[in-house]
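Chains, contacts and geometry: an overview
Spelled out from the first residue to the last, the chains are:
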2 protein chains.
Amino acid sequence: MNQMTQNADPGIPDVSEMLCFSIYSAGHAFTQLYRPLLDAIGLTYPQYLVMVALWRRDGRTVKELGETLFLDSSTLTPLLKRLETAGFITRTRNPRDERQVLLHLTEEGRRLKESTAEVSRCVQEAVGIDADTANKIQAAIDAIRDGIHKRKP
Amino acid sequence: MNQMTQNADPGIPDVSEMLCFSIYSAGHAFTQLYRPLLDAIGLTYPQYLVMVALWRRDGRTVKELGETLFLDSSTLTPLLKRLETAGFITRTRNPRDERQVLLHLTEEGRRLKESTAEVSRCVQEAVGIDADTANKIQAAIDAIRDGIHKRKP
DNA sequence: GGCGATTAATTTGTGCACGATTTAAATAGT
DNA sequence: ACTATTTAAATCGTGCACAAATTAATCGCC
(Lines give C-alpha, C1' and ligand atoms only; values in the text may rest on other atoms or scores of the structure.)
Protein backbone atom coordinates (compact mmCIF):
# COMPACT_ATOMS: atom_id res chain seq x y z
CA MET A 1 0.00 0.00 0.00
CA ASN A 2 1.58 3.22 -1.11
CA GLN A 3 1.97 6.51 0.70
CA MET A 4 -0.80 8.33 -1.16
CA THR A 5 -3.57 5.95 -0.28
CA GLN A 6 -2.52 4.50 3.04
CA ASN A 7 -5.42 6.13 4.87
CA ALA A 8 -7.97 6.06 2.06
CA ASP A 9 -11.38 4.62 2.87
CA PRO A 10 -12.63 2.75 -0.19
CA GLY A 11 -16.22 2.97 1.08
CA ILE A 12 -16.28 6.75 0.65
CA PRO A 13 -16.21 8.31 -2.81
CA ASP A 14 -13.61 10.93 -3.54
CA VAL A 15 -15.01 14.45 -3.90
CA SER A 16 -13.53 14.39 -7.39
CA GLU A 17 -16.09 11.74 -8.33
CA MET A 18 -19.05 13.88 -7.28
CA LEU A 19 -20.86 15.79 -10.03
CA CYS A 20 -21.80 18.56 -7.61
CA PHE A 21 -18.12 19.08 -6.82
CA SER A 22 -17.17 19.29 -10.48
CA ILE A 23 -19.73 22.04 -10.94
CA TYR A 24 -18.70 23.75 -7.69
CA SER A 25 -15.00 23.81 -8.58
CA ALA A 26 -15.60 24.69 -12.24
CA GLY A 27 -17.62 27.69 -11.04
CA HIS A 28 -14.66 28.87 -8.98
CA ALA A 29 -12.34 28.35 -11.93
CA PHE A 30 -14.53 30.60 -14.08
CA THR A 31 -14.57 33.26 -11.38
CA GLN A 32 -10.78 33.18 -11.26
CA LEU A 33 -10.53 33.24 -15.03
CA TYR A 34 -12.79 36.29 -15.29
CA ARG A 35 -11.32 38.22 -12.37
CA PRO A 36 -8.23 39.73 -13.99
CA LEU A 37 -10.13 40.40 -17.22
CA LEU A 38 -12.97 42.19 -15.43
CA ASP A 39 -10.72 44.00 -12.95
CA ALA A 40 -9.56 46.03 -15.92
CA ILE A 41 -13.06 47.39 -16.48
CA GLY A 42 -14.03 47.64 -12.81
CA LEU A 43 -16.51 44.78 -12.51
CA THR A 44 -16.72 41.60 -10.46
CA TYR A 45 -17.96 38.44 -12.12
CA PRO A 46 -21.49 38.60 -10.63
CA GLN A 47 -21.65 42.30 -11.55
CA TYR A 48 -20.63 41.37 -15.10
CA LEU A 49 -23.49 38.88 -15.33
CA VAL A 50 -25.89 41.61 -14.20
CA MET A 51 -24.50 43.97 -16.83
CA VAL A 52 -24.79 41.31 -19.56
CA ALA A 53 -28.44 40.87 -18.59
CA LEU A 54 -29.03 44.63 -18.69
CA TRP A 55 -27.19 45.12 -21.97
CA ARG A 56 -29.55 42.55 -23.37
CA ARG A 57 -32.64 44.19 -21.92
CA ASP A 58 -32.73 47.45 -20.04
CA GLY A 59 -35.40 48.84 -17.71
CA ARG A 60 -36.08 45.69 -15.74
CA THR A 61 -37.16 45.47 -12.14
CA VAL A 62 -34.97 43.84 -9.49
CA LYS A 63 -37.38 40.91 -9.39
CA GLU A 64 -37.21 40.34 -13.15
CA LEU A 65 -33.44 40.50 -13.07
CA GLY A 66 -33.45 38.04 -10.19
CA GLU A 67 -35.58 35.60 -12.17
CA THR A 68 -33.09 35.76 -15.01
CA LEU A 69 -30.07 35.17 -12.78
CA PHE A 70 -31.73 32.92 -10.16
CA LEU A 71 -30.76 35.37 -7.43
CA ASP A 72 -33.00 37.08 -4.91
CA SER A 73 -33.18 40.72 -3.96
CA SER A 74 -31.10 40.31 -0.81
CA THR A 75 -28.17 39.37 -3.02
CA LEU A 76 -28.95 41.86 -5.79
CA THR A 77 -29.75 44.99 -3.79
CA PRO A 78 -26.22 45.57 -2.44
CA LEU A 79 -24.63 44.52 -5.74
CA LEU A 80 -26.87 46.94 -7.67
CA LYS A 81 -26.05 49.73 -5.22
CA ARG A 82 -22.38 49.17 -5.98
CA LEU A 83 -23.06 49.33 -9.73
CA GLU A 84 -25.02 52.53 -9.13
CA THR A 85 -22.18 54.03 -7.08
CA ALA A 86 -19.77 53.08 -9.86
CA GLY A 87 -21.99 55.03 -12.27
CA PHE A 88 -23.01 52.12 -14.50
CA ILE A 89 -26.73 52.00 -13.68
CA THR A 90 -29.53 54.01 -12.11
CA ARG A 91 -32.09 52.65 -9.62
CA THR A 92 -35.45 54.43 -9.61
CA ARG A 93 -38.78 53.51 -8.08
CA ASN A 94 -41.44 52.71 -10.65
CA PRO A 95 -44.00 55.58 -10.42
CA ARG A 96 -46.73 53.14 -11.50
CA ASP A 97 -45.85 50.77 -8.64
CA GLU A 98 -43.69 52.23 -5.94
CA ARG A 99 -42.76 48.79 -4.67
CA GLN A 100 -40.63 48.15 -7.72
CA VAL A 101 -37.19 49.48 -8.51
CA LEU A 102 -36.40 49.98 -12.20
CA LEU A 103 -32.86 49.41 -13.42
CA HIS A 104 -31.47 51.48 -16.25
CA LEU A 105 -28.03 51.65 -17.78
CA THR A 106 -26.24 54.97 -17.73
CA GLU A 107 -24.35 56.17 -20.78
CA GLU A 108 -21.18 54.94 -19.09
CA GLY A 109 -22.80 51.59 -18.40
CA ARG A 110 -23.76 51.23 -22.04
CA ARG A 111 -20.25 52.20 -23.14
CA LEU A 112 -18.78 49.44 -20.96
CA LYS A 113 -20.25 46.88 -23.34
CA GLU A 114 -17.68 47.84 -25.96
CA SER A 115 -14.85 46.74 -23.65
CA THR A 116 -16.11 43.19 -23.32
CA ALA A 117 -15.40 41.71 -26.73
CA GLU A 118 -11.86 41.07 -25.54
CA VAL A 119 -13.15 39.47 -22.32
CA SER A 120 -15.35 37.03 -24.22
CA ARG A 121 -12.53 36.20 -26.59
CA CYS A 122 -10.11 35.41 -23.73
CA VAL A 123 -12.65 33.24 -21.92
CA GLN A 124 -13.55 31.35 -25.06
CA GLU A 125 -9.88 30.71 -25.75
CA ALA A 126 -9.25 29.55 -22.18
CA VAL A 127 -12.20 27.17 -22.22
CA GLY A 128 -10.87 25.85 -25.50
CA ILE A 129 -13.88 23.97 -26.82
CA ASP A 130 -15.98 24.55 -29.91
CA ALA A 131 -19.38 26.22 -29.68
CA ASP A 132 -21.23 23.04 -30.50
CA THR A 133 -19.58 21.05 -27.71
CA ALA A 134 -20.17 23.92 -25.30
CA ASN A 135 -23.86 23.98 -26.21
CA LYS A 136 -24.27 20.29 -25.52
CA ILE A 137 -22.57 20.49 -22.13
CA GLN A 138 -24.61 23.56 -21.31
CA ALA A 139 -27.89 21.89 -22.19
CA ALA A 140 -27.05 19.00 -19.90
CA ILE A 141 -26.13 21.30 -17.01
CA ASP A 142 -29.22 23.46 -17.53
CA ALA A 143 -31.39 20.36 -17.43
CA ILE A 144 -29.87 19.36 -14.08
CA ARG A 145 -30.28 22.87 -12.66
CA ASP A 146 -33.87 23.17 -13.86
CA GLY A 147 -34.64 19.69 -12.52
CA ILE A 148 -33.38 20.72 -9.09
CA HIS A 149 -35.36 23.97 -9.18
CA LYS A 150 -38.57 22.25 -10.22
CA ARG A 151 -38.71 19.71 -7.44
CA LYS A 152 -38.86 22.19 -4.57
CA PRO A 153 -42.10 20.74 -3.03
CA MET B 1 -42.51 43.13 -31.64
CA ASN B 2 -43.88 41.62 -28.48
CA GLN B 3 -43.71 42.82 -24.92
CA MET B 4 -41.02 40.40 -23.77
CA THR B 5 -38.42 41.44 -26.29
CA GLN B 6 -39.21 45.07 -26.98
CA ASN B 7 -35.99 46.27 -25.37
CA ALA B 8 -33.83 43.26 -26.24
CA ASP B 9 -30.53 43.94 -27.94
CA PRO B 10 -29.91 41.16 -30.46
CA GLY B 11 -26.16 41.94 -30.49
CA ILE B 12 -25.77 40.82 -26.88
CA PRO B 13 -26.13 37.16 -25.90
CA ASP B 14 -28.49 36.27 -23.11
CA VAL B 15 -26.77 35.13 -19.92
CA SER B 16 -28.72 31.90 -20.36
CA GLU B 17 -26.61 31.17 -23.44
CA MET B 18 -23.31 31.48 -21.58
CA LEU B 19 -21.68 28.25 -20.40
CA CYS B 20 -20.14 30.01 -17.41
CA PHE B 21 -23.60 31.11 -16.28
CA SER B 22 -24.98 27.60 -16.56
CA ILE B 23 -22.22 26.37 -14.28
CA TYR B 24 -22.62 29.34 -11.95
CA SER B 25 -26.37 28.87 -11.55
CA ALA B 26 -26.17 25.08 -11.36
CA GLY B 27 -23.69 25.49 -8.51
CA HIS B 28 -26.20 27.61 -6.61
CA ALA B 29 -28.94 25.09 -7.30
CA PHE B 30 -26.82 22.33 -5.73
CA THR B 31 -26.11 24.49 -2.70
CA GLN B 32 -29.84 25.05 -2.26
CA LEU B 33 -30.58 21.39 -2.78
CA TYR B 34 -28.05 20.34 -0.15
CA ARG B 35 -28.89 23.02 2.42
CA PRO B 36 -31.98 21.51 4.04
CA LEU B 37 -30.47 18.02 3.90
CA LEU B 38 -27.23 19.12 5.56
CA ASP B 39 -28.90 21.47 8.05
CA ALA B 40 -30.23 18.33 9.69
CA ILE B 41 -26.69 17.14 10.47
CA GLY B 42 -25.22 20.56 11.20
CA LEU B 43 -23.07 21.11 8.12
CA THR B 44 -22.94 23.66 5.32
CA TYR B 45 -22.29 22.46 1.79
CA PRO B 46 -18.59 23.50 1.71
CA GLN B 47 -18.16 21.91 5.16
CA TYR B 48 -19.73 18.73 3.81
CA LEU B 49 -17.22 18.63 0.94
CA VAL B 50 -14.40 18.97 3.49
CA MET B 51 -15.87 16.13 5.55
CA VAL B 52 -16.23 13.91 2.46
CA ALA B 53 -12.56 14.54 1.70
CA LEU B 54 -11.56 13.68 5.29
CA TRP B 55 -13.77 10.59 5.45
CA ARG B 56 -11.90 9.46 2.39
CA ARG B 57 -8.48 10.21 3.84
CA ASP B 58 -7.79 11.48 7.33
CA GLY B 59 -4.69 13.18 8.71
CA ARG B 60 -4.13 15.60 5.87
CA THR B 61 -2.58 19.02 6.08
CA VAL B 62 -4.57 22.15 5.23
CA LYS B 63 -2.51 22.51 2.06
CA GLU B 64 -3.24 18.95 0.91
CA LEU B 65 -6.94 19.43 1.57
CA GLY B 66 -6.82 22.69 -0.35
CA GLU B 67 -5.26 20.97 -3.34
CA THR B 68 -8.07 18.44 -3.34
CA LEU B 69 -10.82 21.06 -3.12
CA PHE B 70 -9.09 23.84 -5.10
CA LEU B 71 -9.39 26.17 -2.11
CA ASP B 72 -6.65 28.04 -0.29
CA SER B 73 -5.94 28.40 3.40
CA SER B 74 -7.66 31.76 3.70
CA THR B 75 -10.92 30.03 2.85
CA LEU B 76 -10.24 26.81 4.70
CA THR B 77 -8.83 28.10 7.99
CA PRO B 78 -12.07 29.72 9.23
CA LEU B 79 -14.19 26.85 7.88
CA LEU B 80 -11.96 24.29 9.63
CA LYS B 81 -12.13 26.27 12.87
CA ARG B 82 -15.92 26.03 12.70
CA LEU B 83 -15.71 22.27 12.13
CA GLU B 84 -13.35 22.07 15.11
CA THR B 85 -15.70 24.12 17.29
CA ALA B 86 -18.55 21.84 16.21
CA GLY B 87 -16.50 18.88 17.44
CA PHE B 88 -16.09 17.11 14.08
CA ILE B 89 -12.33 17.53 13.59
CA THR B 90 -9.12 18.38 15.45
CA ARG B 91 -6.43 20.77 14.20
CA THR B 92 -2.92 20.08 15.47
CA ARG B 93 0.46 21.39 14.38
CA ASN B 94 2.68 18.72 12.82
CA PRO B 95 5.55 18.17 15.31
CA ARG B 96 7.80 17.22 12.38
CA ASP B 97 7.05 20.53 10.63
CA GLU B 98 5.45 23.16 12.80
CA ARG B 99 4.29 25.13 9.76
CA GLN B 100 1.72 22.49 8.93
CA VAL B 101 -1.63 21.85 10.59
CA LEU B 102 -2.83 18.25 10.58
CA LEU B 103 -6.54 17.57 10.30
CA HIS B 104 -8.05 14.57 12.05
CA LEU B 105 -11.64 13.44 12.41
CA THR B 106 -13.02 13.08 15.91
CA GLU B 107 -15.15 10.09 16.83
CA GLU B 108 -18.19 12.33 16.33
CA GLY B 109 -16.86 13.43 12.96
CA ARG B 110 -16.46 9.82 11.88
CA ARG B 111 -19.95 8.96 13.12
CA LEU B 112 -21.41 11.75 10.98
CA LYS B 113 -20.57 9.73 7.88
CA GLU B 114 -23.35 7.28 8.73
CA SER B 115 -25.95 10.06 8.41
CA THR B 116 -25.05 10.88 4.83
CA ALA B 117 -26.39 7.89 2.92
CA GLU B 118 -29.79 9.57 2.97
CA VAL B 119 -28.28 12.85 1.76
CA SER B 120 -26.63 11.18 -1.23
CA ARG B 121 -29.83 9.34 -2.05
CA CYS B 122 -31.92 12.54 -2.03
CA VAL B 123 -29.41 14.40 -4.19
CA GLN B 124 -29.16 11.58 -6.68
CA GLU B 125 -32.93 11.43 -6.93
CA ALA B 126 -33.20 15.21 -7.40
CA VAL B 127 -30.57 15.26 -10.12
CA GLY B 128 -32.46 12.43 -11.76
CA ILE B 129 -29.88 11.15 -14.23
CA ASP B 130 -28.15 7.79 -14.43
CA ALA B 131 -24.57 7.36 -13.23
CA ASP B 132 -23.23 6.91 -16.73
CA THR B 133 -24.70 10.18 -18.00
CA ALA B 134 -23.47 11.95 -14.87
CA ASN B 135 -19.96 10.64 -15.45
CA LYS B 136 -19.89 11.94 -19.01
CA ILE B 137 -21.07 15.40 -18.02
CA GLN B 138 -18.63 15.42 -15.15
CA ALA B 139 -15.69 14.49 -17.36
CA ALA B 140 -16.55 17.35 -19.71
CA ILE B 141 -16.81 19.86 -16.85
CA ASP B 142 -13.59 18.62 -15.24
CA ALA B 143 -11.78 19.03 -18.54
CA ILE B 144 -12.96 22.64 -18.77
CA ARG B 145 -11.96 23.36 -15.17
CA ASP B 146 -8.54 21.75 -15.55
CA GLY B 147 -8.00 23.58 -18.81
CA ILE B 148 -8.68 26.89 -17.09
CA HIS B 149 -6.39 26.00 -14.17
CA LYS B 150 -3.54 24.95 -16.44
CA ARG B 151 -3.34 28.12 -18.53
CA LYS B 152 -2.53 30.52 -15.69
CA PRO B 153 0.66 31.96 -17.33
C1' DG C 1 -64.10 52.58 1.12
C1' DG C 2 -61.55 49.92 4.30
C1' DC C 3 -58.68 46.15 5.84
C1' DG C 4 -56.27 41.72 5.74
C1' DA C 5 -53.25 39.30 2.52
C1' DT C 6 -49.83 39.55 -0.84
C1' DT C 7 -45.87 41.44 -3.12
C1' DA C 8 -41.20 44.05 -3.91
C1' DA C 9 -37.39 45.55 -2.01
C1' DT C 10 -34.41 46.30 1.91
C1' DT C 11 -32.03 45.06 6.15
C1' DT C 12 -29.62 41.86 9.14
C1' DG C 13 -26.66 38.11 10.30
C1' DT C 14 -23.80 34.03 8.92
C1' DG C 15 -20.70 31.74 6.03
C1' DC C 16 -18.04 31.19 2.07
C1' DA C 17 -14.23 32.77 -1.57
C1' DC C 18 -10.21 35.04 -2.51
C1' DG C 19 -6.44 38.67 -3.14
C1' DA C 20 -3.03 40.70 -0.31
C1' DT C 21 -0.40 40.89 3.70
C1' DT C 22 1.68 38.94 7.82
C1' DT C 23 3.84 35.54 10.88
C1' DA C 24 6.60 31.92 11.79
C1' DA C 25 9.06 27.76 10.55
C1' DA C 26 12.01 25.20 7.46
C1' DT C 27 15.37 25.18 3.74
C1' DA C 28 19.17 26.79 0.70
C1' DG C 29 23.26 29.01 -0.35
C1' DT C 30 27.49 30.84 0.90
C1' DA D 1 26.74 29.30 11.46
C1' DC D 2 23.96 32.73 9.21
C1' DT D 3 21.23 35.14 6.35
C1' DA D 4 18.00 35.06 2.25
C1' DT D 5 14.45 32.57 0.30
C1' DT D 6 10.69 29.68 0.35
C1' DT D 7 6.74 27.58 2.41
C1' DA D 8 2.31 26.89 5.43
C1' DA D 9 -1.19 29.04 7.96
C1' DA D 10 -3.45 32.72 9.58
C1' DT D 11 -5.27 37.45 9.22
C1' DC D 12 -7.62 41.27 6.98
C1' DG D 13 -10.77 43.51 3.85
C1' DT D 14 -14.24 43.17 0.12
C1' DG D 15 -17.94 41.09 -2.14
C1' DC D 16 -21.19 37.58 -2.98
C1' DA D 17 -25.24 34.22 -1.49
C1' DC D 18 -29.06 33.39 1.14
C1' DA D 19 -32.44 32.68 5.16
C1' DA D 20 -35.22 35.36 8.10
C1' DA D 21 -37.29 39.48 9.47
C1' DT D 22 -38.82 44.20 8.23
C1' DT D 23 -40.94 48.01 5.68
C1' DA D 24 -43.92 49.84 2.54
C1' DA D 25 -47.01 49.68 -1.40
C1' DT D 26 -50.68 47.26 -3.88
C1' DC D 27 -54.38 44.03 -4.33
C1' DG D 28 -58.48 41.37 -3.08
C1' DC D 29 -62.48 40.91 -0.96
C1' DC D 30 -66.27 42.20 1.46
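Check the entry above for the structure.
Summary of the structure given here. Small disclaimer: the values here were computed from a predicted structure and weren't measured.

**Observations regarding the relation of the copies chain B and chain A**
Overlaying chain B on chain A yields an RMSD of 0.0 Å, the required transformation being a rotation through 180° with an accompanying axial translation of 0.0 Å. Such a turn and shift between the copies fits a two-fold axis. When each C-alpha of chain B is compared by its distance to the rotation axis, B:Ile23 comes out closest, at 3.0 Å.

**What about the side chain of B:Ser25?**
With respect to the helices and strands, the residue B:Ser25 is situated in helix H1 (residues 19–39). At 2.8 Å, the side chain of B:Ser25 and the side chain of A:Arg145 are in polar contact. Reaching out from B:Ser25, the side chain makes a polar contact with the backbone oxygen of B:Ser22 at a distance of 3.3 Å. When near neighbours in sequence (up to four residues on either side) are disregarded, B:Ser25 contacts A:Phe70 and A:Arg145.

**As for the interface of chain B and chain A**
In this complex, chain B contributes 59 residues to the contact, which on the side of chain A involves 59 residues. Note on chain B versus chain A: buried area summed over both sides is about 5500 Å², and carbon and sulfur give 67% of it. Sorting the residues of chain B by area buried against chain A places B:Tyr24, B:Arg56 and B:Ile148 first, and these three jointly supply 12% of that buried surface. For the pair chain B and chain A, the interface holds two salt bridges. B:Arg56 is paired through a salt bridge with A:Asp14; the nearest N and O atoms lie 3.9 Å apart. Looking at the side of chain B that touches chain A, the elements with two or more residues in it are H1, helix H2 (45–56), helix H3 (62–69), helix H6 (117–127) and helix H7 (131–150) of chain B.

Procedures and definitions
- Residues numbered from 1 in each chain as written.
- Chains lettered and ligands numbered in written order.
- Predicted model: local features only at pLDDT ≥ 70, side-chain atom pairs only at ≥ 80, totals over all residues.
- Heavy atoms only, no water.
- Least-squares fit on C-alpha atoms with pLDDT ≥ 70 in both.
- Helix = DSSP H or I, 4+ residues; strand = E, 2+ residues; numbered from the N terminus.
- Polar contact = N/O pair within 3.5 Å; in protein donor to acceptor, adjacent residues only side chain to side chain.
- Contact = heavy atoms within 4.5 Å.
- Buried area = accessible area lost by both parts, 1.4 Å probe.
- Salt bridge = Lys/Arg side-chain N within 4 Å of Asp/Glu carboxyl O.

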